[in-house]
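# An overview of the molecular structure
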Amino acid sequence: MTDFAATKAMFDLPEDVIYLDGNSLGPLPLAASDRVSDMMVKEWGQMLITGWNKAGWMGLPTGLGDRIGRLIGAETGTVVTGDTLSIKVYQAVASALELCRDRKVVLSDNGNFPSDLYMVDGLLRSLGPDYELRVVAPEDVAANITDDVAVLMLTEVDYRSGRIHDMKALTELAHANGTVTVWDLAHSAGAIPVDLSGCNADFAVGCTYKYLNGGPGAPAFIYVAPRLTDRARPALSGWLGHEAPFAFDLDYRPGSGIERMRVGTPPILQMTALSAAMDIWDMADMADVRAKSIDLTELFIARVEGTCPELELASPRDPQQRGSQVSFRFTEGYAAMQALIARGVIGDFRAPDIMRFGFTPLYIDARDVERAVEILADIMQNRLWDAPEFKVRQRVT
């Protein structure tokens, strides 16, 4: 069984803070500071450019990819890290479209993260006027997987409500229709058990700065099913995805397997911090994490509904249909969240009225939940949110 007391002790969290925003940015692993400092002094400082070979920097993208792969049900050698999530979305959808050249539609839903939709819209505009991004309500996705759809692109866990798409069922339906799937795991990896292999998913992407605790700007990852790795053409033909990058050929030849999905130079400092976070994840079993997450979110919902009647649950009530977050609606949700943050309980706000709380059992326990609700109830019952300083919108909400 996962020792959550041990993992909690491995994070650097202020004593007076209850951190319920790991679904947006994970906290600092204690070991990360020394790990990065050590890398800078002993590797970058002493080895200089020879660190690419001596310190194994060039192998970090695939090494970290395999460690992430364990958490998302991916086969060994099918995940690589690097670049940003937006780049990986573009890369995956472009490759998926090329596998279905006779179709022109990408299907998604309006619960998807807007950035994913922006990237696909930009890609399709570049490809020409015959291409279409078709966006439907989440509950209407299955009915809209028609014979003109080339790619189904969905975020498995809705970033606002935490609602979960049925990856296996929708992938099966897509494949029966000749449609290629791209799954965004930004709110899944490290939050819920994922089985990419068992679901027969085609492509998946995700970030490492949320539940995986890789730090601000931590690299993204991409998964390509083994049956597709040597067929998928990387539209972003970066030099590190080349078959022989240091041959410096003028003609691009994609590398073998998942290596071809590398694009630019890997961010070694960020990957070093991520490696420290993955040391903690190596101690965790996702079934244990999920069970504890459900316990915490169920406790939070019960306590909030019992003390804060002004708040309306915006997440699915059934825990099996909900990720590792809970969202409540409140017309003055922004101000209420700012008041809560001022009291040391950190969540976040998503327009127009969503107060969002993330639960990561690696460092959050039942005592944290009870105390957080006590503070929230005080703010709501005494209208402490109704102060001018809490209504000034900051750049990041």
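Look up a bit, the structure's there.
Quick caveat, the model's predicted, so the values are computed rather than measured. Along each chain, numbering runs from 1 in the same order as the chain's sequence is written. Totals for whole chains, interfaces and linings use all residues, but because this is a predicted model, local features are given only for residues with pLDDT of at least 70 and pairs of side-chain atoms are given and counted only at 80 or more. Only heavy atoms go into the side-chain values, all of them from the structure, while hydrogens and water stay out.

## Comments concerning the overall build of the protein
The test is simple: In this description a helix means any DSSP run of H or I spanning at least four residues, a strand means any run of E spanning at least two, and both kinds are numbered starting from the N terminus. Any residue under 20% of the maximum accessible area for its type is buried, any over 50% is exposed, and the rest in between are partly exposed; the area is computed with a 1.4 Å probe on protein chains only. Contacts were defined at the residue level, with two residues in contact if any of their heavy atoms lie within 4.5 Å. For every accessible area listed, the method is Shrake-Rupley and the probe measures 1.4 Å; residues are considered covered only by the protein chains on display. In this charge count, Lys and Arg are treated as positive and Asp and Glu as negative; neither His nor the chain ends contribute. In this description, the location of a charge corresponds to atom NZ of lysine, CZ of arginine, CG of aspartate or CD of glutamate.
When helices and strands are counted, the protein shows twelve helices and 15 strands. Overall, the protein is about 70 × 55 × 40 Å in size when its C-alpha atoms are taken along their principal axes. For the protein, buried positions account for 55% of its 397 residues. Taking all contacts inside the protein whose residues are at least 6 apart in sequence as the whole, residues at least 24 apart take part in 72%. Accessible area for the protein stands at about 16700 Å²; split by element, carbon and sulfur atoms hold 53% of it. The positive charge centre, built from 37 side chains, and the negative charge centre, built from 54, are 2 Å apart in the protein.

## Quick look at the pattern of salt bridges
Condition: Think of a salt bridge as a Lys or Arg side-chain nitrogen and an Asp or Glu carboxyl oxygen that are within 4 Å of each other.
Counted according to the given criterion, the structure contains 29 salt bridges. A salt bridge links R322 to E298, with the nearest nitrogen and oxygen atoms 3.0 Å apart. Here R322 is found in the loop between β11 (312-313) and β12 (325-329), whereas its partner E298 is found in helix α10 (residues 286-307), with 24 residues between them in sequence. Given a relative accessible area of 1%, R322 falls into the buried group. Linking E370 and R303 is a salt bridge whose minimum nitrogen-to-oxygen distance equals 3.0 Å. Placement of the pair is E370 in helix α12 (residues 366-381) and R303 in helix α10, with a sequence separation of 67 residues. Connected through shared salt-bridge partners, K8, D365, R367 and D368 make up one network.

## Points about the nonpolar core
We apply this condition: Take the buried Ala, Val, Leu, Ile, Met, Phe, Trp, Tyr and Cys residues and link them wherever side-chain atoms come within 4.5 Å; each set so joined is a nonpolar core.
Judged by nonpolar contacts, the single largest core of 81 residues is most densely connected at I72 and L196. Leave out the neighbours within four places in its chain, and L196 touches I72, G73, A74, M167, L185, A201, A204 and Y223. Membership of the second largest hydrophobic core comes to 30 residues, among which are A96, M153, A186 and I222.

## Points about the packing of aromatic side chains
Quick note on the threshold: Between 30 and 60 degrees the pair is tilted, below 30 it is stacked and above 60 it is edge-to-face, where a pair is any two Phe, Tyr or Trp rings, Trp via its six-membered ring, whose centres lie within 6.5 Å.
Here the structure, examined in full by the defined rule, presents twelve aromatic pairs. A ring pair is formed by Y334 and F349, whose centres lie 5.6 Å apart and whose planes are at 85°; its orientation type is edge-to-face. With Y334 in helix α11 (residues 333-342) and F349 in strand β14 (residues 348-350), the pair connects residues that are 15 residues apart, well separated along the chain. Residue class for Y334 comes out buried when judged on its relative accessible area of 3%.

## Quick look at helix α2 (residues 30-47)
Put simply, the rule is: By this rule, a helix spans an expected 1.5 Å times one less than how many residues it contains.
The end-to-end C-alpha distance of α2, which contains 18 residues, comes to 25 Å, matching closely the 26 Å that a straight helix rising 1.5 Å per residue would cover. Buried within α2 we find A32, V36 and M39. Check the buried side of α2 and you find it contacts β3 (28-29) and α9 (268-281). Of the residues trailing α2, L48 is marked for its positive phi of about 55°.

## Thoughts on the pairing of strand β7 (residues 149-155)
Each regular strand displays side chains that alternate between the two surfaces of the sheet. Selection rule: One requirement defines pairing of two strands: DSSP has to find at least two bridges between them.
With seven of seven residues buried, β7 is to be regarded as a mostly interior element. The pairing of strand β5 (residues 105-109) with β7 spans three bridges and is parallel. Bridging across to β7, V105 finds its partner in V149. Bridge count for β7 against strand β8 (residues 180-184) is five bridges, and the pairing is parallel.

## A few points about α11
Burial analysis of α11 places eight of its ten residues in the buried class, which makes it a mostly covered element. Tucked into the core, α11 has its buried residues touching β13 (345-346), β14, β15 (354-358) and α12. In the stretch just after α11, G344 is the one whose phi turns positive, near 95°.

## Focus on the sheet that holds strand β6 (residues 132-136)
Note the threshold: Convention adopted: a line fitted to C-alpha atoms gives each axis, helices being fitted over their contacting stretch, and angles between N-to-C directions are expressed from 0 to 180 degrees.
What the seven strands build is an open sheet, ordered β4-β10-β9-β8-β7-β5-β6; its pairing is mixed. Either end of the sheet is taken by a strand with one partner, and the two such strands are β4 (79-81) and β6. Adjacent strand axes in the sheet meet at a mean angle of 20°, parallel and antiparallel pairs treated alike. Bridge count between strand β9 (residues 203-206) and strand β10 (residues 221-224): four bridges; the pairing is antiparallel. Looking at the pairing, G206 lines up with F221 of β10. Across the sheet, helix α5 (residues 85-98) is in contact with β5, β7, β8, β9 and β10; its angle to β9 comes to roughly 170°.

## Regarding the side chain of S161
What counts is decided by this rule: Identification of polar contacts relies on pairs of N or O atoms within 3.5 Å, with a donor-acceptor requirement for protein atoms, meaning one able to donate a hydrogen and the other able to accept it, and with residues adjacent in sequence counted only if both atoms are side-chain atoms.
When you line up the elements, S161 lands in the loop between β7 and α7 (167-176). Among the polar contacts listed, one links the side chain of S161 to the backbone nitrogen of R163, at a separation of 3.2 Å. Excluding its chain neighbours within four sequence positions, the residues that come into contact with S161 are A314, S315, P316, Q325 and S327.

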